[in-house]
Each structure stands twice: as structure tokens, then as C-alpha cells.
Amino acid sequence: MKKKVLWISLSLIMLIIVTIPLGFFYVLNNGNPYTKYIADKNVPVYLEEKGYTENEIEESHYVEPKYLINNDYYHGHYMVIFKDEPDTTYYYGITKKGKQVKQFCEKDRLSPDGVTDIVKTETKHSEKKCVHSLENRD
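This text gives an overview of the structure that appears in the document. What you see is a predicted model, and the numbers here were worked out from it, not measured in a lab.

1. Details of the overall build of the protein
Part 1 of the reasoning: In terms of helices and strands, the protein carries two helices and six strands.
Part 2 of the reasoning: Put simply, the protein runs from its N terminus to its C terminus through helices and strands in the order α-α-β-β-β-β-β-β.
Part 3 of the reasoning: By the compact-globule yardstick of 14 Å for 138 residues, the protein is too spread out, its C-alpha radius of gyration being 20 Å.
Part 4 of the reasoning: With respect to the principal axes defined by its C-alpha atoms, the protein has extents near 70 × 35 × 30 Å.
Part 5 of the reasoning: Contacts spanning at least 24 positions in sequence make up 48% of the contacts within the protein whose residues lie at least 6 apart.
Part 6 of the reasoning: With the model as given, the accessible surface of the protein reaches about 9,700 Å², and the carbon-plus-sulfur share is 60%.
Part 7 of the reasoning: Side-chain charges of the protein comprise 19 positive and 20 negative groups, with the mean position of each set lying 13 Å from the other.

2. Brief notes about the layout of surface pockets
Part 1 of the reasoning: Here the largest pocket is characterised by a volume of approximately 170 Å³.
Part 2 of the reasoning: Along its surface, the largest pocket is lined by Pro-44, Leu-47, Glu-48, Tyr-52, Thr-53, Glu-54, Ile-57, Ser-60 and Tyr-78.
Part 3 of the reasoning: Contributions of two or more residues to the lining of the largest pocket are made by helix H2 (33-49) and strand S1 (57-63).
Part 4 of the reasoning: Per element, the largest residue contribution to the lining of the largest pocket is three residues, and it comes from H2.
Part 5 of the reasoning: Tallied by class, the residues present in the lining of the largest pocket amount to five nonpolar, two polar and two charged.

3. Observations regarding the pairing of strand S5 (residues 107-110)
Part 1 of the reasoning: In terms of strand pairing, strand S3 (residues 88-94) meets S5 through two bridges, oriented antiparallel. When the sheet's bridge partners are listed, Thr-89 is paired in S5 with Asp-108.
Part 2 of the reasoning: Connecting the antiparallel pair S5 and strand S6 (residues 116-119) is a turn made up of five residues, with Gly-114 showing a positive phi of about 90°.

4. Describing H2
Part 1 of the reasoning: Helix length check: H2 (17 residues) gives 25 Å between terminal C-alpha atoms against 24 Å at 1.5 Å per residue, within 8%.
Part 2 of the reasoning: Looking at H2, one finds that the buried residues are Thr-35, Ile-38, Ala-39, Val-43, Tyr-46 and Leu-47.
Part 3 of the reasoning: Its side-chain oxygen placed 2.8 Å from the backbone nitrogen of Tyr-34, Asn-32 serves as the N-cap of H2.
Part 4 of the reasoning: Just past H2, the residue Gly-51 takes up positive phi, approximately 100°.

Procedures and definitions
- Residues numbered from 1 in each chain as written.
- Predicted model: local features only at pLDDT ≥ 70, side-chain atom pairs only at ≥ 80, totals over all residues.
- Heavy atoms only, no water.
- Helix = DSSP H or I, 4+ residues; strand = E, 2+ residues; numbered from the N terminus.
- Rg over C-alpha atoms; globule rule 2.2 N^0.38 Å.
- Contact = heavy atoms within 4.5 Å.
- Areas by Shrake-Rupley, 256 points an atom, 1.4 Å probe, with all protein chains shown as cover.
- Lys, Arg positive; Asp, Glu negative; His and termini not counted.
- Charge placed at Lys NZ, Arg CZ, Asp CG, Glu CD.
- 1 Å grid on protein atoms, 1.4 Å probe; cavity = no way out; pocket = protein on both sides within 12 Å on 5 of 7 lines; lining within 4 Å.
- Points joined across faces, edges and corners; volume = space filled by probe spheres on them.
- Nonpolar A, V, L, I, M, F, W, Y, C, P; charged D, E, K, R; others polar.
- Pairing = 2+ DSSP bridges.
- Expected span 1.5 Å × (residues − 1).
- Buried < 20%, exposed > 50% of the residue type's maximum accessible area, 1.4 Å probe, protein only.
- Polar contact = N/O pair within 3.5 Å; in protein donor to acceptor, adjacent residues only side chain to side chain.

Okay, structure coming up:
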């Protein structure tokens, strides 16, 4: 009986030792699954409420930025490229309080020579009340 309890305890410890680092590397490479879930759930609905259809969107999905963002928002973004503006990538974030979707003012614009620049100027699909993702960071 003692051997069985010892074997089960040792197995659980080994499982924990293996699972924690694997989970850590998964989150580092793929982002927080909870943040991805709420972005995938809320941003498409928000875009639909704004009047956009799937036919107007060339590409859209969750992305995990490699830099710190505004502390009022979950770290993961939802990126959208519209068909009528294929050189500009828009980003949307989810507030930690209230889980509201907001467009970030910073957008990526691909220049003809293949360089991507961050632009904050008004573009075709810019919202008047955008939020600066690079403010309120620690």
C-alpha cells in the first residue's frame, strides 16, 4: 500500500514538473488561450455591428504582439485587413474591464518597397475614438 501511494505521488510530481514548462512555452508561442477566445468571440461581432461584412474583410485573426501594450487592455490583439485597403493592418483590443472592443490608433502600413511602418494618421477605416495601444505601459 505504501509503495502504491509513493508511486502515485511520484507520478503526480513528475506530471506537474513536465506540464508547467510545457504550458509556459505554449503561452509564450501562442498567446493566452483565454485572451484569444474573447477576441475571437467579441471582435467579429463588433465589426458586424459597425456594418462590415465578411466580403469586405481580406484577413482577420488573433495576434500576440511581441511588446508591452496599454495596461487597460488584454495583451492579445485582433488584426484586420480590409479588401479595399490591403496595405493597412488595423488592430482591435479588448478592455480588461467590461470586455469592450476598441480600435487601436496605431496601424501597420506596408509601403511599396516592402517596409512596414506604424501610422497613427486617419485612414479609410479609422474610428474617431481609437485608443493608443502604446500608452499606459509599465
